[in-house]
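The primary structure of each chain is shown beneath.
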Amino acid sequence: MNAGATGREVVLRVYRGDANGGEEVAYTVPVETGMVVLDAIHWIQAHRAPDLAVRWNCKAAKCGSCSAEVNGKPALMCKSRLDHFPEGQPITVRPMKTFPIVRDLVTDVKWNYEINKRIAPFQPRANAEWRWQQSDIDRVQEFRKCIECFLCQDVCHVLRSHELKHQFAGPRFLVRIAGLEMHPIDGADRVPFLKDTAGIGLCNITKCCTEVCPEGITITDNAIIPLKERVVDRYYDPVQRVWRAITGAKDGT
Amino acid sequence: MEKFEAHEHDVIVIGAGGAGLRAAIEASAMGCSVGLVCKSLLGKAHTVMAEGGIAAALAHVDPQDGWQTHFQDTMKGGSFLNHWRMAQIHAQEAPDRVRELEQCGALFDRTPDGRILQRAFGGHTWKRLAHVGDRTGLEMIRTLQDRGVHQGLDVYMECTITRLFTDGGRIAGALAYWRETGRFVVFRCKAVVIVTGGVGKAYRVTSNSWEYTGDGQALAYDVGAELIDMEFLQFHPTGMVWPPGVMGLLVTEGVRGEGGILRNAQGERFMWKYLPEARRHEYAADEAEARRWLDAVVEGRQTDARRPPELSTRDNVARAIYTEVKEGRGTPHGGASLDISYMPAERVKKKLPSMYHQFMELADVDITQTPMEVGPTTHYMMGGIRVDPDTGAATVPGLFAAGEASAGLHGANRLGGNSLSDLVVFGRRAGAGAASYARALAATPHIADDAIEAETRDVLAPFERTSGESPYGVHQALQECMDTFVGIFRVAGDLERALGTLETLKQRARDVRIEGSRMYNPGWHLARDLRNMLTVSEAITRAALLRTESRGAHSRLDHPGLDPALGRVNMCVTKDGEAMKVAPTPLPEMPAELKALFDAGAAGTAAAPAAAAPATAAAGKAS
Ligand SMILES: Cc1cc2nc3c(=O)[nH]c(=O)nc-3n(C[C@H](O)[C@H](O)[C@H](O)COP(=O)(O)OP(=O)(O)OC[C@H]3O[C@@H](n4cnc5c(N)ncnc54)[C@H](O)[C@@H]3O)c2cc1C
Ligand code: SF4
Ligand code: SF4
Ligand code: FES
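Calculation notes
Residues numbered from 1 in each chain as written. Chains lettered and ligands numbered in written order. Predicted model: local features only at pLDDT ≥ 70, side-chain atom pairs only at ≥ 80, totals over all residues. Near = placed C-beta within 6 Å. Helix = DSSP H or I, 4+ residues; strand = E, 2+ residues; numbered from the N terminus. Nonpolar A, V, L, I, M, F, W, Y, C, P; charged D, E, K, R; others polar. Domains from an automatic or database assignment. Contact = placed C-beta atoms within 7 Å. Axes fitted to C-alpha atoms, helices over the stretch in contact; angles between N-to-C directions. Parallel < 35°, antiparallel > 145°, perpendicular 65-115°, else oblique. Pairing = 2+ DSSP bridges. Buried ≥ 20, exposed ≤ 12 C-beta atoms within 10 Å, placed from the backbone. Expected span 1.5 Å × (residues − 1).

Caption draft 1: Main features of the site of ligand 2. Residues and elements named next belong to chain A. Contacts to ligand 2 come from 14 residues, most closely from Cys156, Pro171, Cys203, Thr206 and Cys209. Every element with two or more residues in the shell around ligand 2 is listed here: helix H8 (208–212) and helix H9 (219–236). Per-element tally for the shell around ligand 2: the top contributor is H9, with three residues. By residue class, the composition of the shell around ligand 2 is 10 nonpolar, three polar and one charged.

Caption draft 2: Representation of the domain arrangement of chain B within the structure. All names here are of chain B. Along its sequence, chain B is organised into domain 1 (1–232 + 382–463 + 479–623) and domain 2 (236–377). The centre of domain 1, based on its C-alpha atoms, is set 28 Å off from the matching centre of domain 2. Between domain 1 and domain 2, the contact holds 30 residues from the first and 37 residues from the second. Residue classes in the side of domain 1 that touches domain 2 are distributed as 14 nonpolar, 13 polar and three charged.

Caption draft 3: Molecular detail of the packing of helix H3 (residues 84–103) of chain B against helix H12 (residues 418–440) of chain B. Residues and elements named next belong to chain B. Look at H3 against H12: their axes get within 9 Å of each other, and the N-to-C directions meet at 95 degrees. With respect to H12, the axis of H3 lies roughly perpendicular. Facing H3, whose interface residues are Ile89, His90, Glu93, Ala94 and Arg97, H12 presents Ser421, Asp422, Val424, Val425 and Arg428. Looking at side-chain class alone, the contact of H3 with H12 contains four nonpolar, two polar and four charged residues.

Caption draft 4: Structural view of the domain arrangement of chain A. Residues and elements named next belong to chain A. Structurally, chain A comprises domain 1 (5–107) and domain 2 (110–247). Computed over C-alpha atoms, the centres of domain 1 and domain 2 are 32 Å apart. Facing 11 residues of domain 1, the contacting portion of domain 2 comprises 12 residues. Of the residues in the side of domain 1 that touches domain 2, the class split is five nonpolar, three polar and three charged.

Caption draft 5: Fine view of the interface of chain A and chain B. With 46 residues of chain A at the contact, the number on the chain B side is 46 residues. If you tally residues by element for the side of chain A that touches chain B, the top one is helix H3 (residues 134–143) of chain A, at four residues. A breakdown of the residues in the side of chain A that touches chain B according to their chemical character gives 21 nonpolar, 12 polar and 13 charged.

Caption draft 6: Summary view of the sheet that holds strand E16 (residues 372–381) of chain B. Residues and elements named next belong to chain B. In spatial order, the strands read E13-E16-E15-E14; together these four strands make up an open sheet with antiparallel pairing. Across the chains shown, the open sheet's two edge strands, defined by having one partner strand only, are strand E13 (233–240) and strand E14 (261–263). In this sheet, adjacent strand axes meet at a mean angle of 45 degrees when their direction is disregarded. Taken together, the six bridges between E13 and E16 define a ladder with antiparallel strand orientation. Among the inter-strand pairings, Met240 is bridged to a residue of E16, identified as Val374.

Caption draft 7: Representation of the site of ligand 3 in the model. All names here are of chain A. If you check the shell around ligand 3, you find 17 residues, and the closest are Cys146, Cys149, Cys152, Arg172 and Cys213. Where the shell around ligand 3 is concerned, the elements lending two or more residues are helix H4 (151–155) and helix H6 (171–181). Examining the composition of the shell around ligand 3, we find that three residues originate from one element, H6, more than from any other. Here the shell around ligand 3 is composed, by residue class, of 13 nonpolar, one polar and three charged.

Caption draft 8: Structural context of the environment of Cys58(A). Tracing the sequence through the fold places Cys58(A) in the loop between helix H1 (37–47) and strand E3 (67–70). A tally of 23 C-beta atoms within 10 Å means that Cys58(A) is categorised as buried. The sequence separation of Cys58(A) and Pro30(A) amounts to 28 residues, and the corresponding C-alpha distance is 23 Å. Residues within four places of Cys58(A) in sequence aside, it is in contact with Cys63(A), Met49(B) and Ser209(B).

Caption draft 9: Here's a closer look at helix H15 (residues 492–510) of chain B. For H15(B), with 19 residues, the first-to-last C-alpha span of 27 Å sits near the 27 Å given by 1.5 Å per residue. Buried residues belonging to H15(B) abut helix H14 (471–485), strand E20 (489–490) and helix H16 (522–546) of chain B.

Here it is, written out as structure tokens:
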């Protein structure tokens, strides 16, 4: 029928259901060259199940909308190539587990937006010079690559298995705080927030978040560990505390 | 009647891209209560996908730049069909808007002396695009989003507006449904700002997402607003053509800026054949000169060599590729070959990181080793809601618009980078316009209950039907129709045929049937979006039929030349009863002092460009 047809078929086992329960439903999909899981989901919508719920926007790994668990692994569906999975075996597609299900592959991610609101915004220091070198911002630009796919939130055991959403902001928002804290002329103090509200102490550096990040942000090493150091300096290091009282310096600088 | 959730605000902003966020922030800062409504999650609007940069004459890299040159470039790029006042405001205010983003926390790439870095792009005389690698849109939307939520905007996300209501000709509110539950919401307000973006989903091959269904243009049209310039749809010359799943995905203009060479299947570097005679002198005469230009770009030094022919304007490159393929000189999958593999692999990866990954991961093509296959893709709508340049007011009282949904700034063709700047310049102005209007209005207008009821019945009708087809089939037929008959090259016969097809599709769309529940049901959402796509498709086709000339992005095979008389009018689309009316309306006359900028004597800034511009020109890495 079309130029990309391969004559092959693949079975997708897609989770269908809502808060009241559901099950995996198998769909057989004709495979085109280069097809990704999101293409297969769209094929199912157009030919088998017009009401299959899914989020997507860019289809180019830029918007972070199409997060799901493909064969048990948190991933962007628009980046998951069918031919990277073992041939002849079904591919399961399920919604992210850490967030409450809305329907099918769509989950309720509003909690993330609530956390974000509580983070103190960028606050330039009075009289700061608006000039800085590229090397001063390379690190912060890494954090600002985040596309808010929330896959790191999905995989982090503190949120996923221990359900500590009320105590822990999750890797995504530690990355965001790092981006603000390391802005060359930001002057806000987020250290008490990090310790008491964001619960940074709950992270035990398993690095699972870094492994799933589609933007390749080194979440644990570059964002979380330096922030942990700021908290330690502030609360547990008397020398730093005295130094700060004398100089007014920001933590870790 | 179902009990409705209802909210009252002074201003409702429909759309949370760059334009919507900036408008909402402004209206809220002026003391209005603002509701910000968007179809997707916050932060996922199209703006997030913009790569190349935001155009503003900051003059950090090329000190010769100034608003006058930016103004001239924009007018020339738009074949002088732009609203001069919009082009002027845009060029004058863009630098402040960029600095303001920085003050809100955006981190642009830096010059060696620590200021905002700028890169060159097609049609811009000087290096003008402030950028963040190849993710400028993400930086912009995140900055505005974080600013907005701390300002106390009420955000309604995954909430789709289906109709605007008026009271005695004034805007009174809107109806929406929550995507998650399918429940209706009534918004009562004094003013509405439409910032819903473009229309690309009416076409099959497009760089646009599912959201681009022309909702804003159709909502405005339905309450009597004027749409202009709808025939001007930008086809970006380089979209992916293979594999099928990624067809249309954007390949940034930065590839050509970095030295990307276009060839046909016979290996011929064809762009020289397609340079317009009037501008041929701006481009390299041969391979050797093009290479000298590129070497200077790489080494970051100045040169007198002129830029390669691949850096011609978007409309021209798109037509060239299309023609090569049509005449049988296309690559295996029906495109042209775009080759950057002769450059050092490390440089390609550093300058074009996301393109490298995009081709590697989605097409199994290593662009440092093999050429890419590219072809034109539907990208940007120059036309849209007619607005007052200073306030963003549409022609219906209480209605405002900005961003891609509005028209006027870009004329017949948009320059790369001029959209992101458009969003913040005119988003801010439309927000202020709406706020001033709302404050001057004593009471919120009234929405008649039966209007609400009629609309909800209409939206739910597809669930009631016991027979009828799925909306996906109708959508596919629409895309085929627009791709085939209302594409890059147009002729009267094709356009008339398209109008016939659109009539039957309208009927089919009215009869679609939806199964399942109202909870997050994409088929149902599409049924509604289809109506809007059909409205804008008809507007594009009718306006294209009436413009019997070729100008900017609009090319008529049966009228290949420019018609000076048509250069003085916009095609204006309005609703006349149930029928669509299209008629020419006069273009506002440019004042003498601005006209003088284009006179030969003052051409120092305007005409100097290509030859004299330092060679780092177009050294960018984006779209
Ligand atoms: C791949 C790509 C790269 C680009 N690169 C550049 C670049 O480098 N430089 C540049 O200047 N331009 C670029 N552009 C163009 C530019 O990105 C867009 O024109 C611009 O972002 C549009 O912004 P906007 O605010 O008008 O709308 P958008 O950002 O598209 O936002 C539209 C909003 O409206 C909402 N909406 C739509 N309909 C409804 C409805 N019915 N109810 C409720 N909400 C609704 C959507 O949910 C969304 O929030 C690029 C475009 C693409 C596709
Ligand atoms: S490193 Fe920390 S934040 Fe990341 S997944 Fe592990 S516990 Fe969670
Ligand atoms: S940090 Fe990475 S994984 Fe986490 S939300 Fe951002 S992009 Fe996604
Ligand atoms: S659709 Fe945007 S990241 Fe997948």
